[in-house]
Amino acid sequence: MTYETIIVEIEEGIATVTLNRPDVLNALNSQVFNELADVAVNLGEDDSVRAVIITGGDKVFAAGADIKAMASLTAVDVAASVRPSLRAFNLLENMHKPVIAAIAGYALGGGCELTLTADVRIAADNAQFGLPEIKLGILPGGGGTQRLPRLIGAGKAKELIFSGDFISAEEALRVGLVNKVVPADQLLTEAKKMAKKFAARGAVAIYLAKSCVNEGLRMDLEMGLQYEHKCFGLLFATEDQKEGMKAFIEKRKPNFQGK
Ligand code: CO8
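Computed from a predicted structure; not experimentally measured.

**Quick word on the overall build of the protein chain**
Argument step 1. Scanning the protein chain from terminus to terminus reveals eleven helices and nine strands.
Argument step 2. Its C-alpha atoms give the protein chain a radius of gyration of 19 Å, near enough to 18 Å, the size a compact globule of 259 residues would have.
Argument step 3. Overall, the C-alpha framework of the protein chain stretches about 60 × 40 × 35 Å when taken along its three principal axes.
Argument step 4. The proportion of buried residues among the 259 residues of the protein chain is 44%.
Argument step 5. Excluding contacts between residues fewer than 6 apart, the proportion of contacts in the protein chain whose partners are at least 24 apart in sequence is 66%.
Argument step 6. Of the accessible surface of the protein chain, which amounts to about 13600 Å², a share of 58% is contributed by carbon and sulfur atoms.
Argument step 7. Distance from the positive charge centre (29 side chains) to the negative charge centre (32 side chains) of the protein chain: 5 Å.

This is the structure we're talking about:
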């Protein structure tokens with residue numbers, strides 16, 4: 001997989017996708033969105049890939065959508081240009097495998113919104129998060145007004161959206177925006193450690209558990225519980241369920257095959 005604005009490396013079943021526009025602090029333009037959409041489809045179809053890490057490297061995650069590319073857009077242009085970002089973010093959020101965002105430095109605007117599509121966020125202690133769109137006279141149009149309140153609650157999300165203020169990694173941890181804060185030089189190691197843990201679990205169980213959480217957030221509790229029960233029952237048709245329970249009884253580690 002060769003791209004111009006992202007780098008993709010696959011090692012031991014873990015794919016690492018690194019945003020690669022360092023001159024503009026990894027600002028996201030339509031090419032980045034199209035390449036992210038493409039990589040989400042390709043990695044999703046690659047059975048050898050069991051978990052995905054998205055990162056911007058050790059200096060910056062992404063300073064948002066590319067303001068220079070957006071400045072002269074008309075409302076009609078935006079209606080068209082929003083499609084690549086919407087498509088990319090939806091494909092990433094709904095990948096059938098666990099996705100971890102590993103965030104160092106700035107994760108702003110569309111960059112912060114990209115992290116919200118991941119299942120888990122690990123921040124370096126130098127990370128800063130914010131939705132500064134309001135200072136540009138716009139609003140977070142990459143899912144920030146929708147995914148952020150679902151993650152951290154409406155009150156804190158509105159404070160971040162209305163003020164445009166940045167928050168530190170520690171504050172992001174306190175409000176539940178990130179799962180974990182680690183020393184900057186340990187970021188990828190920690191992300192890979194978590195990815196390996198997820199990769200060792202049954203892939204179908206992970207996918208259905210992810211689906212239960214993601215789909216469940218769009219349902220009322222009663223529907224969500226019914227959906228969960230159906231997925232739970234479905235897993236009893238997998239070899240991994242047989243292996244997992246047999247391994248427990250035989251007091252050994254399970255060897256899941258993802259089927
Ligand atoms: N877009 C384009 N270029 C950028 C961006 C950006 N978002 N951020 C930084 N750059 C460029 C700078 O212009 C600069 O380029 P040059 O060297 O040619 O002047 C280079 O990156 C380095 O940046 P700075 O010199 O500004 O670096 P500093 O360390 O001084 O400041 C900041 C770092 C604080 C991150 C600062 O660059 C900044 O405030 N950036 C903009 C942050 C922002 O407002 N982000 C929100 C953008 S809007 C958005 O994300 C909407 C999402 C909607 C998604 C749907 C889209 C269709």
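The rest of the description comes next.
**What about the packing of helix 9 (residues 203-216) against helix 10 (residues 221-234)?**
Argument step 1. At a closest axis distance of 10 Å, the pairing of helix 9 and helix 10 adopts a crossing angle of 175 degrees. Here helix 9 lies roughly antiparallel to helix 10, going by the angle between them. Side by side, helix 9 and helix 10 meet where Leu208, Ser211, Cys212 and Glu215 of the first sit next to Tyr227, Glu228, Cys231 and Leu234 of the second.
Argument step 2. Within the contact of helix 9 with helix 10, the residues separate by chemical class into five nonpolar, one polar and two charged.

**Remarks on the site of the ligand**
Argument step 1. By nearness alone, 23 residues border the ligand, and Ala63, Ala65, Ile67, Lys68 and Gly110 come closest of all.
Argument step 2. Contacts to the ligand include Ile67, whose backbone N or O atom sits 2.9 Å from a nitrogen atom.
Argument step 3. Contributing elements (two or more residues each) for the shell around the ligand: helix 2 (67-70), helix 3 (75-93), strand 5 (106-108) and helix 4 (110-115).
Argument step 4. Of the residues forming the shell around the ligand, the biggest block, three residues, is contributed by helix 2.

**What to know about the sheet that holds strand 7 (residues 128-130)**
Hydrogen bonds between backbone atoms are what pair the strands of a sheet, whose relative direction is either parallel or antiparallel.
Argument step 1. Taken in spatial order, the three strands of this open sheet run 5-7-8, and their pairing is mixed. In this open sheet, the two edge strands, each paired with only one partner strand, are strand 5 and strand 8 (166-168). Averaged over neighbouring strand pairs, the angle between their axes works out to 20 degrees when direction is ignored.
Argument step 2. Two elements, strand 7 and strand 8, share three bridges in a ladder whose sense is antiparallel.

**Digging into the sheet that holds strand 3 (residues 51-55)**
Argument step 1. Judged by pairing direction, the sheet is mixed, and its six strands sit side by side in the order 1-2-3-4-6-9 without closing on themselves. A single partner strand is all that each edge strand has here, and the edge strands are strand 1 (6-11) and strand 9 (180-182). Shown here is a sheet whose adjacent strand axes are inclined to one another by a mean of 20 degrees, direction ignored.
Argument step 2. Bridge analysis of strand 4 (residues 99-103) against strand 6 (residues 120-124) gives four bridges, and the strand direction is parallel. Of the residues in strand 6, the one forming a bridge with Ala101 is Arg121.

**With respect to a nonpolar patch on the surface**
Argument step 1. The grouping of Ile67, Met70, Leu73, Val78, Val82, Leu86, Leu136 and Ile138 at the surface amounts to a nonpolar patch, some 600 Å² of accessible area in total.
Argument step 2. Of all the elements in the fold, those that place two or more residues in the nonpolar patch are helix 2 and helix 3.
Argument step 3. Of the residues examined, Ile67 reaches a relative accessible area of 45% and is grouped as partly exposed.

**With respect to the packing of aromatic side chains**
By convention here, two paired aromatic rings are described through the distance between centres and the angle between planes.
Argument step 1. Per the stated rule, a full pass over the model turns up three aromatic pairs.
Argument step 2. Measuring from ring centre to ring centre gives 5.6 Å for Phe33 and Phe89, while their planes differ by 75 degrees; the resulting arrangement is edge-to-face. A residue pair is termed long-range when its members are at least 10 positions apart, and Phe33 in helix 1 (residues 30-45) and Phe89 in helix 3 qualify at 56 residues. Accessibility classification places Phe33 together with Phe89 in one group, the buried group.

Rules used in this analysis
Numbering of residues begins from 1 in every chain and follows the order in which that chain's sequence is written. A pLDDT threshold of at least 70 governs which residues receive local features in this predicted model, and a stricter bar of 80 or more applies before side-chain atom pairs are shown or counted, although totals over entire chains, interfaces and linings include all residues. Computation of side-chain values covers all heavy atoms of the structure but excludes hydrogens and water. Helix and strand definitions here come from DSSP, where helices need a minimum of 4 consecutive H or I residues and strands a minimum of 2 consecutive E residues; each element is numbered from the N-terminal end. C-alpha atoms define the radius of gyration in this analysis, and the globule rule sets the expected value at 2.2 Å times the number of residues to the power 0.38. Accessible area is worked out with a 1.4 Å probe on protein chains only. A residue is then buried under 20% of its type maximum, exposed over 50%, and partly exposed in between. By definition, residues are in contact when any of their heavy atoms lie within 4.5 Å. Areas reported as accessible are Shrake-Rupley estimates using a 1.4 Å probe. Residue values count occlusion only from the protein chains shown. His is not counted, nor are the chain ends, whereas Lys and Arg count as positive and Asp and Glu as negative. Positions of charges follow a simple convention, taking NZ of Lys, CZ of Arg, CG of Asp or CD of Glu. What counts as an axis is a line fitted to C-alpha atoms, over the stretch in contact for a helix, and the angles between N-to-C directions run from 0 to 180 degrees. Angular relationships are summarised with four words: roughly parallel below 35 degrees, roughly antiparallel beyond 145, roughly perpendicular across 65 to 115, and oblique for the angles in between. Residue polarity is assigned by list, with Asp, Glu, Lys and Arg as charged and Ala, Val, Leu, Ile, Met, Phe, Trp, Tyr, Cys and Pro as nonpolar; anything else, Gly included, falls into the polar class. Residue proximity to a molecule or strand is established when one non-hydrogen atom of the residue lies within 4 Å of it. Pairing of N or O atoms within 3.5 Å defines a polar contact, subject to two protein rules: one partner must be a possible hydrogen donor and the other a possible acceptor, and residues neighboring in sequence count only if both atoms are side-chain atoms. Pairing between strands requires that DSSP locate at least two bridges from one strand to the other. What makes a patch is a set of residues exposed beyond 30% relative accessible area and free of salt bridges, joined within 9 Å when like-charged and within 5 Å when nonpolar (Val, Leu, Ile, Met, Phe, Trp, Tyr). Each salt bridge in this description consists of a side-chain nitrogen of Lys or Arg and a carboxyl oxygen of Asp or Glu lying within 4 Å of one another. Any pair of Phe, Tyr and Trp rings, taking the six-membered ring for Trp, is counted once the centres come within 6.5 Å. Such a pair is stacked with planes under 30 degrees apart, edge-to-face with planes over 60 apart, and tilted for the rest.

Shape descriptors only; they carry no functional weight alone.
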